[in-house]
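# Structural overview for review
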Amino acid sequence: EPEVTQTPSHQVTQMGQEVILRCVPISNHLYFYWYRQILGQKVEFLVSFYNNEISEKSEIFDDQFSVERPDGSNFTLKIRSTKLEDSAMYFCASSEIAGSTDTQYFGPGTRLTVL
Amino acid sequence: AQSVTQPDIHITVSEGASLELRCNYSYGATPYLFWYVQSPGQGLQLLLKYFSGDTLVQGIKGFEAEFKRSQSSFNLRKPSVHWSDAAEYFCAVGGQGGKLIFGQGTELSVKP
């Protein structure tokens, strides 16, 4: 069964450093998402992406964050200057169609630790 | 504002016992509702979803959920729990632009 993959599984970085989290969505999917889960808190929506553009973003997704689909398979989340509070599990998801009715398939997550 | 509440942070049931995980939502229009499960080290896996029609929805692994509009609830049930069901369970509502709004999650432990 096709699945969403994410690399790395765990990333440790120093505060102020840039990090790039990578995701490979399911191949025929067109809509991509990033969520994060701070330890002990809810899974929170960050951003959705379609046709090389951001469709929707949350208030968390500020200028420090960016997303990109650099080629036909990868979908990346970049944090330009990490802060301690960016430590969280980051999940990528993809869906075949847009909207609230379609199933989003999630990757296993990247645990980001900012020291 | 759209929101989801899962009142139970942690539930323990005995293997073979029945299970009900509670979920309440706040949403202005007809909600699209989901239950996801997360096992340790794994991503979120969809158990079932409700969009319209029959308010009792069947999912994978023997789970079902019932949509009750009058109570703004979408509780997850399973008649007989297996040890492999131990995991964290998330209720979610579909919001604008396809984003999912999640509840806090309920951690399920299963006693032998």
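Residues numbered from 1 in each chain as written. Chains lettered and ligands numbered in written order. Predicted model: local features only at pLDDT ≥ 70, side-chain atom pairs only at ≥ 80, totals over all residues. Heavy atoms only, no water.

## So, the interface of chain A and chain B
Opposite the 20 residues of chain A that make contact, chain B presents 23 residues. Roughly 1800 Å² is buried in total at the junction of chain A and chain B, and carbon and sulfur atoms are behind 54% of that figure. On the surface where chain A and chain B come into contact, there are 0 salt bridges. If you look at where chain A meets chain B, you find 6 residue pairs in polar contact (both at pLDDT 80 or more). When contributions to the side of chain A that touches chain B are tallied by element, the ones reaching two or more residues are strand S4 (31-37) and strand S5 (43-50) of chain A. Grouping the amino acids of the side of chain A that touches chain B by side-chain chemistry returns 7 nonpolar, 10 polar and 3 charged. (Contact = heavy atoms within 4.5 Å. Buried area = accessible area lost by both parts, 1.4 Å probe. Salt bridge = Lys/Arg side-chain N within 4 Å of Asp/Glu carboxyl O. Polar contact = N/O pair within 3.5 Å; in protein donor to acceptor, adjacent residues only side chain to side chain. Helix = DSSP H or I, 4+ residues; strand = E, 2+ residues; numbered from the N terminus. Nonpolar A, V, L, I, M, F, W, Y, C, P; charged D, E, K, R; others polar.)

## Thoughts on the nonpolar core
What tends to happen in soluble globular proteins is that the nonpolar side chains get buried as a cluster. Within the largest apolar cluster, 27 residues are counted, with the highest numbers of intra-cluster contacts made by Leu-19, Trp-35, Leu-47, Leu-48, Phe-74, Leu-76 and Tyr-89 of chain B. At the level of elements, strand S2 (10-14), strand S3 (19-21), strand S5 (33-38), strand S6 (44-50), strand S8 (64-68), strand S9 (73-78), strand S10 (87-94) and strand S12 (106-111) of chain B are the ones that each hand at least two residues to this core. For this core, the element with the highest residue contribution is S10 of chain B, accounting for 4 residues. Ranked by size, the runner-up nonpolar core spans 23 residues in total, among them Val-19, Val-47, Ile-60 and Leu-77 of chain A. (Core = buried A, V, L, I, M, F, W, Y, C linked by side-chain atoms within 4.5 Å. Buried < 20%, exposed > 50% of the residue type's maximum accessible area, 1.4 Å probe, protein only.)

## Brief notes about the environment of Pro-79 of chain B
When you line up the elements, Pro-79 of chain B lands in the loop between S9 and S10. Measuring from C-alpha to C-alpha, the distance between Pro-79 of chain B and Gly-62 of chain B comes to 8.0 Å, with 17 residues separating the pair along the chain.

## Remarks on the side chain of Glu-56 of chain A
Note on placement: Glu-56 of chain A falls in strand S6 (residues 53-57). Comment: no salt bridge for buried Glu-56 of chain A; closest opposite-charge side chain is Lys-99 of chain B, at 4.1 Å. Not counting residues up to four positions away in its chain, the partners in contact with Glu-56 of chain A are Phe-45, Leu-46, Val-47 and Ser-48 of chain A together with Gln-96, Gly-97 and Lys-99 of chain B. (Lys, Arg positive; Asp, Glu negative; His and termini not counted.)

## So, the sheet that holds strand S7 (residues 65-68) of chain A
Residue and element names in this part refer to chain A. Taken together, 4 strands build an open sheet; the order of strands is S1-S3-S8-S7 and the sheet is antiparallel. The sheet is open, and its two edges are formed by strand S1 (5-7) and S7, each paired on a single side. In this sheet, adjacent strand axes meet at a mean angle of 20° when their direction is disregarded. As paired elements, S1 and strand S3 (residues 19-24) share 3 bridges and run antiparallel to each other. What sits directly across from Thr-7, in S3, is Arg-22. (Pairing = 2+ DSSP bridges. Axes fitted to C-alpha atoms, helices over the stretch in contact; angles between N-to-C directions.)

## Some words on the state of the cysteines
By definition, a disulfide links the sulfur atoms of two cysteines through a covalent bond. Residues and elements named next belong to chain A. Evaluated as defined, the whole model comprises 2 disulfides over all chains. Shown here is the disulfide that connects Cys-23 with Cys-92, its sulfur atoms set 1.9 Å apart. Around the S-S axis, the bridge from Cys-23 to Cys-92 shows a dihedral of about -65° and counts as left-handed. Highlighted residues: Cys-23 in strand S3 and Cys-92 in strand S9 (residues 88-95), separated in sequence by 69 residues. An identical accessibility class is assigned to Cys-23 and Cys-92; each is buried. (Disulfide = S-S within 2.5 Å.)

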